[in-house]
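# Coordinates in review
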Amino acid sequence: MADEPLVLGIETSCDETGVGIVRGHTLLADAVASSVDEHARFGGVVPEVASRAHLEAMVPTIERALREAGVAATDLDAVAVTAGPGLAGALLVGVSAAKAYAYALGKPLYGVNHLASHICVDQLEHGALPEPTMALLVSGGHSSLLLAPDITSDVRPLGSTIDDAAGEAFDKVARVLDLGFPGGPVIDKYAREGDPEAIAFPRGLTGPRDAPYDFSFSGLKTAVARWIEAKRNAGEEVPVRDVSASFQEAVTDVLTRKAVRACKDEGVDHLMIGGGVAANSRLRAMAEERCSAAGIRLRVPRPKLCTDNGAMVAALGAEMVARRRPTSGWDLPADSSLPVTEPHLPGTSDAPTDSHGQAHPHTHDHDHVHELSRENLYS
């Protein structure tokens, strides 16, 4: 275990400041500072508020993770950070912090993909990923089916949402039901006491001529809103629990149906589910039922590792180190639209590396300010 890479990961793609530390496939620390309460009164994430929250939480969260892991910053083998996709300002905070720490410590820097990280985090729970891995990623911003022959270099999109993501639909339906923000956990809670067959909500893109692996939840969201509006206009009470259960059933039905089909079509005998919506209890139960019936092995991380966190970034960073992938340069950008086909962003500038692409510790014979800062921060 001591020979496995010790990596710190920083995640700031949305409203949570996540810092994780892993050694190989072993999770040592997972510190998260969420700003969700600051966004709740707006009914959604406000990018400027999220960016400011990241700035305030960054250093304390990193220090908390180091204490939790019982390691010093100088012990790290590399620093990894989400370079995209996500909110541009929020990403920039994380990327800037990662550059600063990597530079001061003389450690390799890896800018990694948020979506690939959501897949790689399962290694911390269930061991090395099969190759290829079939992954269903469902969150507030993404609903995607991905095939990953190599999580560090080869991730192939099979399908994705053409409008609202699943998590976005949960938030919007919760708003119509006056359940607050975020919508996923509260709808899951109410759905447990409701009838999932009470209301026949539509299943988008499930016809014989529709794209087999793409998703659409905008029409479902609209159908739910109109059903609720009709009830209220008629002066009738809205059955919140039944609406929640029926809506949730429609979402999970489509997600699991398409994921199992993709596994069968591609000849993959397992399915990994990640992203914030993967914490939904009905999605997990339905996926287990359908995968079991189809002879497919299901891999789903525990709920805390499904939502955005630094551990997933550290996990992918550790895999990059282990497989000797090229490091990122100091010109690493924050790319809000980084495609999933790019699991990480290798450098284009002169970052010191050895013959294997690993960065050398930085030496600055005349950089007294840098040396003083390093001594103060990390000695």
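Notes on the structure in this doc start here. (Residues numbered from 1 in each chain as written. Predicted model: local features only at pLDDT ≥ 70, side-chain atom pairs only at ≥ 80, totals over all residues. Heavy atoms only, no water.)

## Examining the overall build of the protein
Our working rule: Strands are runs of DSSP state E lasting at least 2 residues, helices are runs of H or I lasting at least 4, and numbering of each runs from the N terminus. To get the radius of gyration, use the C-alpha atoms; to get the globule rule, take the number of residues to the power 0.38 and multiply by 2.2 Å. Buried means the residue's accessible area, taken with a 1.4 Å probe over protein chains only, is under 20% of the maximum for its type, while exposed means over 50%, and partly exposed covers the values in between. In what follows, residue pairs with any heavy atoms lying within 4.5 Å of each other are defined as contacts. Neither His nor the chain ends is counted toward charge; the positive residues are Lys and Arg and the negative residues Asp and Glu. Where a charge sits is defined by one atom per residue type, namely NZ (Lys), CZ (Arg), CG (Asp) or CD (Glu).
Per the secondary structure count, the protein includes 13 helices and 11 strands. In terms of overall dimensions, the protein is globule-like: its C-alpha atoms have a radius of gyration of 22 Å, near the 21 Å expected for 379 residues. Here the C-alpha coordinates of the protein stretch approximately 75 × 45 × 35 Å along the principal axes. Sorting the 379 residues of the protein into buried and exposed places 53% on the buried side. Long-range contacts, defined here as pairs at least 24 residues apart, represent 73% of the contacts in the protein between residues at least 6 apart. Computed over 34 positive and 52 negative side-chain charges, the separation of the two mean positions in the protein equals 5 Å.

## Examining the sheet that holds strand S10 (residues 297–299)
Operational definition: Here, a strand pair is defined by DSSP locating no fewer than two bridges between the strands. Interaxial angle, 0 to 180 degrees, is taken between N-to-C directions of lines fitted to C-alpha atoms, where a helix line uses only the stretch in contact.
The strand order across the open sheet built from five strands is S8-S7-S6-S9-S10, with neighbouring strands paired in mixed fashion. The sheet is open, and its two edges are formed by strand S8 (154–160) and S10, each paired on a single side. Across the sheet, the mean angle separating the axes of adjacent strands is 25 degrees when strand polarity is ignored. Relative to S10, strand S9 (residues 270–274) runs parallel, the two sharing three bridges. Residue His-270 lies in a different strand from S10, and its bridge partner there is Arg-297. Helix H10 (residues 281–294) contacts strand S6 (133–138), S9 and S10 of the sheet and is inclined by roughly 160 degrees relative to S10.

## Here we look at the pairing of strand S5 (residues 109–113)
Put simply, the test is: For a crossover, the right-handed case is the one in which the path from the first strand over the helix to the second runs clockwise, viewed with the strands pointing away from the viewer.
Within S5, five of the five residues are buried, which leaves it mostly tucked inside the rest of the structure. Of the two faces of S5, the one holding Leu-109, Gly-111 and Asn-113 and the one holding Tyr-110 and Val-112 are both buried throughout. Sheet topology note: the strand S4 (residues 78–84)/S5 ladder contains five bridges and is parallel. Within the sheet, the bridge partner assigned to Gly-84 lies in S5 and is Asn-113. A crossover links S4 with its parallel partner S5, the connecting element being helix H3 (residues 88–105), and its sense is right-handed.

## Digging into the nonpolar core
Applied cut-off: What we call a nonpolar core is a set of buried Ala, Val, Leu, Ile, Met, Phe, Trp, Tyr and Cys residues that are connected through their side-chain atoms within 4.5 Å.
Among the nonpolar cores identified, the biggest contains 45 residues, and Leu-136, Phe-247, Leu-255, Leu-271 and Ile-273 are the most heavily contacted of them. Breaking this core down by element, the ones donating at least two residues are S6, strand S7 (143–150), helix H6 (166–176), helix H7 (183–191), helix H8 (218–233), helix H9 (240–266), S9 and H10. Beyond its immediate stretch of four places on either side in the chain, Leu-136 contacts Ser-144, Leu-145, Phe-215, Leu-255, Ala-259, Leu-271, Met-272, Ile-273 and Gly-274. Core analysis: the next-biggest nonpolar cluster, separate from the first, contains 31 residues, Val-22, Leu-137, Leu-146 and Ala-318 among them.

## Points about the pairing of strand S2 (residues 16–23)
Buried residues dominate S2, accounting for eight of its eight residues. Along S2, one buried face is formed by Glu-16, Gly-18, Gly-20 and Val-22 and the opposite face, lined by Thr-17, Val-19, Ile-21 and Arg-23, is buried too. Inspection of the sheet shows strand S1 (residues 6–11) paired to S2 by six bridges, in the antiparallel sense. Note on S2: the bridge partner recorded for Ile-10 is Val-19. What sits between S1 and S2 in their antiparallel hairpin is a turn of four residues. Of the strand pairs in this sheet, S2 and strand S3 (residues 26–34) are connected by eight bridges, and their pairing is antiparallel. Bridge pairing in S3 places Gly-18 opposite Val-32. The hairpin formed by S2 and S3 contains two residues between the paired strands, and Gly-24 there has a positive phi angle of roughly 65 degrees.

## Some points on the pattern of salt bridges
Stated formally: By definition here, a salt bridge exists when the distance from a side-chain nitrogen of Lys or Arg to a carboxyl oxygen of Asp or Glu is within 4 Å.
By the definition in use, this model includes 20 salt bridges. Here Asp-178 makes a salt bridge to Arg-232, at a shortest N to O gap of 3.7 Å. Taken together, the residues span a long stretch of sequence, with Asp-178 in the loop between H6 and H7 and Arg-232 in helix H8 at a distance of 54 residues. Of the residues examined, Arg-232 reaches a relative accessible area of 40% and is grouped as partly exposed. Among the salt bridges present, the one from Glu-249 reaches Arg-282, with a minimum N-O distance of 2.9 Å. Here Glu-249, found in helix H9, pairs with Arg-282, found in helix H10; they are 33 residues apart in sequence, far enough to count as distant. You can call Arg-282 partly exposed: its relative accessible area is 23%. Overlapping salt bridges bring together Glu-131, Asp-150, Glu-319, Arg-323 and Arg-325 as one network.

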